[in-house]
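Per-entry structural report
Now for the letters of each chain:
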Amino acid sequence: MGKVLGKFLIGSYNYNLNIETSDKDYKIIEIPDFNDLFISKKLNRELDDHNSITDYRGFISLLFKANPNAIELLFSKEQDYESEDFKTLIQLIKRDYNSIIRCNWNNFTSAMKGIAIQSLKKNDQKGVSRAFYLY
């Protein structure tokens, strides 16, 4: 496991869509270690049912492509930073996220539509709520 930079709440608790059976889910951003980089270890992975790890390089790339799943982490209700430099970077990106979205409007809207469609295909209360939230 690489160095953890930050941990962000995702899922139903982050959108106020949680129900009695909901649990908290987190996205962890990390800098990959030597093994991750040179022994072909999968960089983005699920730790368990509630925690997943994303490589810092991929996360930053997704932010600048206006990926909605990456951008929503900027506004997570729970943000825990292990690195002050990473916290500062996130604050700078958050300040200008509107410009990032405007520069990548087609990608952003296409991704939002795709996420909403996938959420509706789940055909459950959480999926429909998520699609409505995105709309």
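Provided above is the structure to which this section pertains.
Now for a quick tour of the structure. Everything numeric in this text was worked out from a predicted model, so none of it was measured.

Some words on the pairing of strand β1 (residues 3-10)
Two elements, β1 and strand β2 (residues 25-31), share seven bridges in a ladder whose sense is antiparallel. Each bridged residue has a counterpart across the sheet, and for G6 the counterpart in β2 is I29. In terms of strand pairing, β1 meets strand β5 (residues 79-81) through three bridges, oriented antiparallel. Note on β5: the bridge partner recorded for K7 is D80.

So, the packing of aromatic side chains
Here a ring pair, both rings aromatic, is described through the centre-centre distance and the interplanar angle of the planes. A complete count under the given rule lists eight aromatic pairs for this structure. Note on F8 and F86: the rings are 6.4 Å apart at their centroids and 75° apart in plane angle, and the pair reads as edge-to-face. Of this pair, F8 sits in strand β1 while F86 sits in helix α5 (residues 84-95), and the two are 78 residues apart along the sequence. Like F8, the residue F86 is buried in the burial classification. Relative to F86, the ring of Y56 lies with its centre 6.1 Å away and its plane at 65°, an arrangement referred to as edge-to-face. Highlighted residues: Y56 in helix α3 (residues 56-64) and F86 in helix α5, separated in sequence by 30 residues. Following the ring pairs from residue to residue traces out a cluster consisting of F8, Y56, F59, Y81 and F86. It is K7 that lies over the ring of Y26; its NZ or CZ is 4.5 Å from the centre. When the ring centre of Y13 is taken as origin, the NZ or CZ atom of K24, which lies over that ring, is 5.6 Å away.

Calculation notes
Residues numbered from 1 in each chain as written. Predicted model: local features only at pLDDT ≥ 70, side-chain atom pairs only at ≥ 80, totals over all residues. Heavy atoms only, no water. Pairing = 2+ DSSP bridges. Helix = DSSP H or I, 4+ residues; strand = E, 2+ residues; numbered from the N terminus. Phe/Tyr/Trp six-rings, centres within 6.5 Å; stacked < 30°, edge-to-face > 60°. Buried < 20%, exposed > 50% of the residue type's maximum accessible area, 1.4 Å probe, protein only. Lys NZ or Arg CZ within 6 Å of the ring centre and 35° of its normal.

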